[in-house]
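The primary structure of each chain is shown beneath.
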Amino acid sequence: MEEEKKVVLVTGSAKGGIGYEYCKAFAEQNCYVFASDLHSRLHEIVGLPPEKVESLELNVSSDESVTSGISTIIAKCGRIDIVVNNAGVGCTGPLAELRLEAIRKAWEINTLGQLRVVQQVVPHMAARRSGCIVNIGSVVGRVPTPWAGPYCFSKAAVHAMSHTLRVELRPFGVDVVLVVPGAIRSNLGLANVDRLGSETWRLYKDFGESIAERAKASQSGKATDAGMFARHVVKKVLTTKPPKQIVHGHMTGLFKLLEWSPLWVRDLFFSKRFKILRRV
């Protein structure tokens, strides 16, 4: 592999998602990209330039799969310069009724999945005193919303993890970038709505419409285009000194305001937004 060509691993790269757009954006910047996803979704990694992008089976919830994937890249290229921990799933519904199995899955993929990749790739980066880890958080990791508790707290943990890693990996020359997206148009909202079809609420049966609205809230007409968002992030990651955080996308300004607002203001805003004011 040419030394000047960055070797990049992107998790969660199926077409229709932001990961796919990260792959395109890195390829446009003359990087060699490993676009990874579950075995069942590898067929969705299509339309990317084969001379710059290679598909790779990688399940972030499996120790064996992550170890195998990282080893494959090292064996072929000798190094990994950048990792984008993009793989993630939504989990929509009231915390008091959501199945613990669904909550565990969100935590396993969104949080432990990122750390699992980090732990496998850091020894290789530390040995070279070079590398960049890009963890994907969310504005809801700072300001949690109703009906999406597991996703919110899984992303809040990613924020804490990234801030810790940034300091701990500094002696080894490894940069850590926390990406904080706002509302980005992708297939995540559609997947959230699909998952709701298998849920039946008891206490919250009268809030079904509001819960469904939250599932697709980030996919409104004003949501930031995934391709534009990915190009913005990639451009900053590839700078000589990447920023510690990249906050970008629709509604980031609103969530910044909510972050600094008194809790009663935040509670009132979300109660009105998701119709949780009335008593049942």
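Use the structure listed above.
Just so it is clear, the structure is predicted and the values come from calculations on it, not from any experiment. One numbering rule holds for all chains: residues counted from 1, following each sequence as written. Thresholds applied to this predicted model are a pLDDT of at least 70 for local features of residues and 80 or more for the giving and counting of side-chain atom pairs; totals over whole chains, interfaces and linings are not thresholded and use all residues. Only heavy atoms go into the side-chain values, all of them from the structure, while hydrogens and water stay out.

## Let's talk about the sheet that holds strand β3 (residues 53-57)
Taken together, the seven strands give an open sheet; going across it, the order is β3-β2-β1-β4-β5-β6-β9, and neighbouring strands pair in parallel fashion. Since the sheet does not close on itself, it has two edges, and those belong to β3 and β9 (245-248), each with one partner. Shown here is a sheet whose adjacent strand axes are inclined to one another by a mean of 20°, direction ignored. Being paired, for any two strands, means DSSP has found at least two bridges between them. Secondary structure elements are defined from DSSP: runs of H or I of at least 4 residues count as helices, runs of E of at least 2 residues count as strands, and each element is numbered from the N terminus. Direction of pairing for strand β4 (residues 82-85) relative to strand β5 (residues 131-136): parallel, over a ladder of four bridges. For V83, the partnering residue across the bridge sits in β5 and is I133. Note on contacts: a residue pair is in contact if any heavy atoms of the two residues lie within 4.5 Å. The axes used here are C-alpha line fits, helices contributing only the stretch in contact, and every angle between their N-to-C directions lies in the interval 0 to 180 degrees. Docked against the sheet, helix α3 (residues 100-128) engages β1 (7-10), β4, β5 and β6 (174-181), running at close to 175° with respect to β5. Helix-sheet contacts for helix α7 (residues 226-237) involve β4, β5, β6 and β9, and the interaxial angle to β9 is about 160°.

## Here we look at α7
Taking 1.5 Å of rise per residue, 12 residues should cover 16 Å, and α7 covers 16 Å from first to last C-alpha, within 8% of that figure. The classification of residues rests on relative accessible area computed with a 1.4 Å probe and restricted to protein chains. Under 20% of the type maximum is buried, over 50% is exposed, and intermediate values are partly exposed. Regarding α7, the residues found buried are A226, G227, F229, A230, V233, V234 and V237. Take α7 and look down its axis: the buried residues cluster within an arc of 160°, on one side only. With respect to the buried face of α7, the exposed residues turned more than 90 degrees away are M228 and K235. Where α7 begins, the capping side chain belongs to D225, and its oxygen is found 3.0 Å from the backbone nitrogen of G227. Under the convention used throughout, the expected extent of a helix is 1.5 Å for every residue step, that is, one less than its residue count. By definition, the arc is the one covered by directions from the helix axis to the C-beta atoms. The term polar contact refers here to a pair of N or O atoms within 3.5 Å; inside protein, the definition further demands a hydrogen-donor-capable atom paired with an acceptor-capable atom, and it admits residues adjacent in sequence only when both atoms are side-chain atoms.

## Some remarks on the pairing of β5
Counting buried positions along β5 yields six of six residues, so the element is predominantly enclosed. Along β5, one buried face is formed by G131, I133 and N135 and the opposite face, lined by C132, V134 and I136, is buried too. Handedness rule for crossovers: strands pointing away from the viewer, path from the first strand over the helix to the second running clockwise, crossover right-handed. Once the chain exits β4 it traverses α3 before rejoining the sheet at β5, and the crossover so formed is right-handed. Strand direction decides the pairing type here: β5 and β6, joined by six bridges, are parallel. Note on β6: the bridge partner recorded for I136 is V179. Tracing the backbone out of β5, into helix α4 (residues 149-168) and back to the parallel element β6 gives a crossover that is right-handed.

## Quick notes on the environment of V53
With respect to the helices, strands and loops of the structure, V53 is situated in strand β3. The class of V53 is buried, set by a relative accessible area of 9%. Remark: the alpha-carbon pair of V53 and C31, spanning 22 residues in sequence, is separated by 8.5 Å. Apart from the residues within four sequence positions on either side, V53 is in contact with C23, A27, V33, A35 and L48.

## Section: the packing of helix α8 (residues 252-260) against helix α9 (residues 263-273)
In the contact formed by α8 and α9, the axes pass within 8 Å of each other and the chain directions differ by 135°. One element, α8, and the other, α9, form an angle in the oblique class. Each of L254, F255, L258 and E259 in α8 lies in contact with α9, whose residues at this interface are R266, F269 and F270. For the contact of α8 with α9, a count of residues per class yields five nonpolar, no polar and two charged. For this classification, under 35 degrees means roughly parallel, over 145 means roughly antiparallel, 65 to 115 means roughly perpendicular, and everything else is oblique. Residues are grouped as follows: nonpolar covers Ala, Val, Leu, Ile, Met, Phe, Trp, Tyr, Cys and Pro; charged covers Asp, Glu, Lys and Arg; every other residue, Gly included, is treated as polar.

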